[in-house]
Amino acid sequence: MSGKSFSSLMPPRFPMKVRNGSIEIQTVDITVQDYFKSKQVELTMSYLPCLDVGKPKRPNYLPIEVATLLLFRSTFDNLCHMVSLQRYTKALSSQQRAMLVEKSRQKPQERMRVVTDAVKSNMYDDDPILSSCGIEIEKQLTRVDVRVLSAPTVVVGNSDDCIPNTGRWNYNNKRLLDPVKIERWAIVNFSAHCDMSRISRELINCGRSKGIFIERPHTLVDEDSQSRRCSPVERVEKMFEKVKTSLPGPPEFLLCVLPQRKNCDIYGPWKKKNLHEMGIVTQCIAPSNRMNDQYFTNVLLKINAKLGGMNSKLALEHRQMIPVVTQIPTLILGMDVSHGSPGRADIPSIAAVCLVLSCVTCIERRLVFTLLFIYLCAVS
């Protein structure tokens, strides 16, 4: 739906081509109510506005009572019906995206079973068209010879090797390669049931075991109970006002405790407020029963990287064994652009650039940033 008409059914008119006689076609202006009346549908609520389900330059007016009947699946199928298996091009909600990922994720054995069962149930051997064309479909998957690559080893603090196990690099009992020091930080709490003192204590203890020196948080800011009834944007604004009054200056880091783990409406406004408007690094977590040492280790890996630290290096990189890159100062750029979903012209496209400068000196680094800035200004 793109809008609604500003008055009742009578004023919205649109041109419609009708056949006058046997061959001649003429265009006449007709109201929405008259159109539905020509389809043997009597509308009883002509005083209500119409829903505009078309495009800005090509409106398509639908009476509200028709839309209501469609919504509640009434016996109105002879007038309007939805064609199944249509491609949906508009933006999905956060809950819909989570459901899509959940339904799309399949283990290899399950995916193999679904494919082989589909081949057997479709009975392609009995299809006369395929048989006449000489097409045969195997019921078993094709076997190919492959080579399994060994997982890369990474180097962490104290030049220790971290060897992956079952596809994971475990940083328990490991120190980070280049840990940061966190002095000015705070915890904000949007969750009603959360022990922030315990979270602070566990995070500090886990950080010190990884080489990250973390001071005690300057303050613990709880959300007012009255603010929980407000919209997500209003809740973020009010929380940020409390943070500014509680701190003597801008913090270098904020830990945000969200009220729920998935599909939280506060996440987007909070990230936009901190990163886009204020330039403050933030990390969001959600209260869970599994907040153990492994959980805080994973959180600290994100925090250390966001604050400019380095968690690990490839063993090949650490031992100067990568061809060309380790011999000549090399700049590696990554670029991407994100466009708004179809129909959302109000959302601008966002371009992002990241770069690796580990082999570049300070003077060369300034030159690279200057050239990159000139390039982005030229193409924007």
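Provided above is the structure to which this section pertains.
Residues numbered from 1 in each chain as written. Predicted model: local features only at pLDDT ≥ 70, side-chain atom pairs only at ≥ 80, totals over all residues. Heavy atoms only, no water.

### Structural notes on the sheet that holds strand S14 (residues 313–314)
Read from one edge to the other, the open sheet built from 3 strands follows the order S7-S6-S14, with strand pairing classed as antiparallel. Of all strands in the sheet, those bounded by a partner on one side alone are strand S7 (161–162) and S14. Strand direction decides the pairing type here: strand S6 (residues 154–155) and S14, joined by 2 bridges, are antiparallel. What sits directly across from valine 154, in S14, is leucine 314. (Pairing = 2+ DSSP bridges. Helix = DSSP H or I, 4+ residues; strand = E, 2+ residues; numbered from the N terminus.)

### Considerations on the packing of helix H7 (residues 232–246) against helix H8 (residues 267–278)
Where H7 contacts H8, the axes come no closer than 9 Å and their chain directions differ by 50 degrees. On the basis of their axis angle, the class for H7 and H8 is oblique. In terms of crossing hand, the pair formed by H7 and H8 is right-handed. Contacts between H7 and H8 pair Pro232, Val233, Val236, Glu237, Met239 and Phe240 from the former with Pro269, Trp270, Lys273, Asn274 and Met278 from the latter. Looking at the contact of H7 with H8 residue by residue, the classes come out as 8 nonpolar, 1 polar and 2 charged. (Axes fitted to C-alpha atoms, helices over the stretch in contact; angles between N-to-C directions. Parallel < 35°, antiparallel > 145°, perpendicular 65-115°, else oblique. Left-handed = near helix turned anticlockwise from the far one by under 90°. Contact = heavy atoms within 4.5 Å. Nonpolar A, V, L, I, M, F, W, Y, C, P; charged D, E, K, R; others polar.)

### Section: the sheet that holds strand S11 (residues 220–222)
Strand order in the open sheet formed by 4 strands is S11-S9-S12-S13, and the pairing between neighbours is parallel. The sheet terminates laterally at S11 and strand S13 (282–285), the two strands that pair on one side only. Sheet twist, expressed as the mean angle between neighbouring strand axes with direction ignored, is 20 degrees. Alignment of strand S9 (residues 185–189) against S11, held across 3 bridges, turns out to be parallel. Note that in S11 the partner of isoleucine 187 across the bridge is leucine 220. Contacting S9, S11 and strand S12 (253–257), H7 crosses the sheet at an angle of about 150 degrees to S11. With respect to the sheet, helix H9 (residues 293–306) is in contact with S12 and S13, its orientation differing from that of S13 by roughly 160 degrees.

### Some words on the nonpolar core
Of all hydrophobic cores here, the largest spans 26 residues; its most connected members are Ile182, Trp185 and Leu255. Residue assignment for this core shows that the elements contributing at least two residues are S9, helix H6 (196–209), S12 and H9. Setting aside residues no more than four positions away along its own chain, isoleucine 182 makes contact with Ile212, Phe213, Ile214, Glu215, Glu252, Phe253, Ile303 and Leu307. Val188, Val243, Leu254 and Trp270 belong to the second largest nonpolar core, which has 17 residues in total. (Core = buried A, V, L, I, M, F, W, Y, C linked by side-chain atoms within 4.5 Å. Buried < 20%, exposed > 50% of the residue type's maximum accessible area, 1.4 Å probe, protein only.)

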